[in-house]
Amino acid sequence: MIQIRDLQKSYGSKEALRGIGCTIKQGEIVGLLGLNGAGKSTAMNIMTGCLAASRGQVLIDGIDIAKEPLKAKQKIGYLPEIPPLYTDMKVQRYLEFIFDLKKAQGDKKRHLAEVCEKAGITQVGGRLIKNLSKGYRQRVGLAQALIGNPPILILDEPTVGLDPTQMIEIRGLIEEMGRQRTVILSSHILSEVQAVCGRVIVLNEGQVVADDTPEHLEAALQRKNRCIAAIEGHPDRVRQTLLGVPCIESVALLAETEPGVHEYQVQGRPGEDIRRPMFGALAAANLPLLGTRAHRLSLEDVFLQLVSPQQQPGGDA
């Protein structure tokens, strides 16, 4: 559905994108993550034909957006970070204007009624956009992106500035839209991406540093030098025993899970598998190890590892 090939964008000597590439299939909901300045908005603006690339190619369903922009844009619904709303217009009149601007086909009245129902704005059609709440303005922005029934939606920070209730409502709309369309979603809210997206692309300094499902990224970066252990025995004795193991650096008491049994977060030296040495030391000290589990990484942990200056050289982009 979308093919990005060796995409590069420079602003003078500043490289915003450094040859990124990926393929996004029909029906995927893809989260685009990155720090401020990583190149997310630049990539989206090129994908939607709002900005020209310095080098590379974007194909929308096989159509080169640089060579046939009008044909390619018919397949895209775009919601920028700041929705393109004319606030002195009424909602219905604004959507009619967008319908005409996009040269959409079919029965205008019926189509706009369907779009308003999907976006949950039927009841505010007669109101001025400037009198709407932030959440409803965002819904109007989503509605304009849906006009023409594009098979691709590109949403740049669709929940920015919304309160928690509004965020949940917009997130639900995005999930609903994603059942019939390909969706690319940029967001700083990692829990949102984890909840909505089946695939995550992480940009750092204009380059793709990860591209996989959230679950696979978490598994790939999971470290064997850290675990949660349930151990029976006095906490002071447990800590003393574990800290006596050369490869273990720290032991943090978490909680008592049953009488005489506590959970600990055990951290070892980087690159060390602490499980066997830990088991041996506890067995020798007659401290029963009742269970261990991996210290699960959240998507936030994964993201911070991928964009850490220690992981990725270079400056801002």
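Residues numbered from 1 in each chain as written. Predicted model: local features only at pLDDT ≥ 70, side-chain atom pairs only at ≥ 80, totals over all residues. Heavy atoms only, no water.

## A few points about the overall build of the protein chain
At step 1: Along the backbone of the protein chain there are eleven helices and 14 strands.
At step 2: The C-alpha atoms of the protein chain give a radius of gyration of 25 Å, which is well past the 20 Å a tight globule of 317 residues would have.
At step 3: The dimensions of the protein chain, computed from C-alpha atoms along their principal axes, are 80 × 45 × 30 Å.
At step 4: Within the protein chain, buried positions represent 46% of all 317 residues.
At step 5: Taking the contacts inside the protein chain whose residues are at least 6 apart along the sequence as the reference set, 69% of them involve residues at least 24 apart. (Helix = DSSP H or I, 4+ residues; strand = E, 2+ residues; numbered from the N terminus. Rg over C-alpha atoms; globule rule 2.2 N^0.38 Å. Buried < 20%, exposed > 50% of the residue type's maximum accessible area, 1.4 Å probe, protein only. Contact = heavy atoms within 4.5 Å.)

## Here's the deal with the confidence of the model for the protein chain
At step 1: In the predicted model, the protein chain carries a mean pLDDT of 88, and 91% of its residues have values of at least 70.
At step 2: The least confident element of the protein chain, judged by mean pLDDT, is helix 11 (residues 299-307) at 68; the most confident is helix 3 (residues 91-102) at 96.
At step 3: Counting contacts from residues 310-317, a segment whose pLDDT is below 50, to residues more than four positions away or on other chains yields 19 contacts. (pLDDT = per-residue confidence, 0-100.)

## Observations regarding the pairing of strand 2 (residues 14-24)
At step 1: Note that strand 1 (residues 2-11) and strand 2 share eight bridges and pair antiparallel. When the bridges of strand 2 are listed, Q3 appears paired with T23.
At step 2: Hairpin connection, strand 1 to strand 2: the antiparallel pair is bridged by two residues, and G12 has positive phi, about 65°. (Pairing = 2+ DSSP bridges.)

## Observations concerning the nonpolar core
At step 1: One finds V91, L95, I121, V140, I147 and L155 to be the most contacted residues of the largest nonpolar core, which totals 44 residues.
At step 2: Among the nonpolar cores identified, the runner-up in size contains 26 residues, and M44, I65, I154 and I201 belong to it. (Core = buried A, V, L, I, M, F, W, Y, C linked by side-chain atoms within 4.5 Å.)

## Structural notes on the sheet that holds strand 4 (residues 55-60)
At step 1: Spatially, four strands are ordered 2-1-4-5 in an open sheet, and the strand pairing comes out antiparallel. Of all strands in the sheet, those with a lone pairing partner are strand 2 and strand 5 (63-64), marking the two edges.
At step 2: Here strand 1 pairs with strand 4 via five bridges, running antiparallel. When the sheet's bridge partners are listed, Q3 is paired in strand 4 with L59.

## Description of the packing of helix 3 against helix 5 (residues 134-146)
At step 1: Two elements in contact, helix 3 and helix 5, have axes separated by 9 Å at closest approach and are oriented at 25°. In terms of axis orientation, helix 3 runs roughly parallel to helix 5. Read as a crossing pair, helix 3 and helix 5 show a hand that is right-handed. Listed contacts from helix 5 to V91, Y94, L95, I98 and K102 of helix 3 are V140, A143, Q144 and A145.
At step 2: The class makeup of the residues in the contact of helix 3 with helix 5 is seven nonpolar, one polar and one charged. (Axes fitted to C-alpha atoms, helices over the stretch in contact; angles between N-to-C directions. Parallel < 35°, antiparallel > 145°, perpendicular 65-115°, else oblique. Left-handed = near helix turned anticlockwise from the far one by under 90°. Nonpolar A, V, L, I, M, F, W, Y, C, P; charged D, E, K, R; others polar.)

## Things to note about the sheet that holds strand 9 (residues 199-204)
At step 1: Strand order in this open sheet of six strands is 6-7-8-3-9-10, and the pairing throughout is mixed. Either end of the sheet is taken by a strand with one partner, and the two such strands are strand 6 (76-79) and strand 10 (207-212). The average angle at which neighbouring strand axes cross in this sheet is 15°, direction not considered.
At step 2: By the bridge criterion, five bridges tie strand 7 (residues 152-156) to strand 8 (residues 182-186) in an arrangement that is parallel. Looking at strand 8, one finds that I154 is bridged to I184.
At step 3: Packed on one face of the sheet, helix 5 meets strand 6 and strand 7 and runs near 160° to strand 6.

## Observations regarding the pattern of salt bridges
At step 1: Counted by the stated rule, this structure contains 14 salt bridges.
At step 2: Of the charged contacts, one joins E176 and R179 as a salt bridge, the two residues approaching to 2.7 Å between their closest N and O atoms.
At step 3: The exposed category is assigned to R179, whose relative accessible area is 64%.
At step 4: The partner of R199 in a salt bridge is D211, with the nearest N and O atoms 2.8 Å apart. Placement of the pair is R199 in strand 9 and D211 in strand 10, with a sequence separation of twelve residues.
At step 5: Note on D211: relative accessible area 32%, which makes it partly exposed.
At step 6: The structure contains a network of salt bridges with shared partners spanning E28, R199 and D211. (Salt bridge = Lys/Arg side-chain N within 4 Å of Asp/Glu carboxyl O.)

## Looking at the side chain of R171
At step 1: Tracing the sequence through the fold places R171 in helix 6 (residues 164-178).
At step 2: Judged by its relative accessible area of 19%, R171 falls in the buried class.
At step 3: Those residues within four positions of R171 in sequence are excluded, and the remaining contacts are E192, A195 and V196.

## Considerations on the pairing of strand 8
At step 1: Burial runs high along strand 8: five of the five residues are buried.
At step 2: Neither face of strand 8 is left uncovered, since the one carrying T182, I184 and S186 and the one carrying V183 and L185 both have all their residues buried.
At step 3: Two elements, strand 3 (residues 29-33) and strand 8, share four bridges in a ladder whose sense is parallel. Paired with G31 across the bridge in strand 8 is L185.
At step 4: For the crossover from strand 7 across helix 6 to strand 8, the handedness is right-handed. (Right-handed = clockwise from strand over helix to strand, strands pointing away.)

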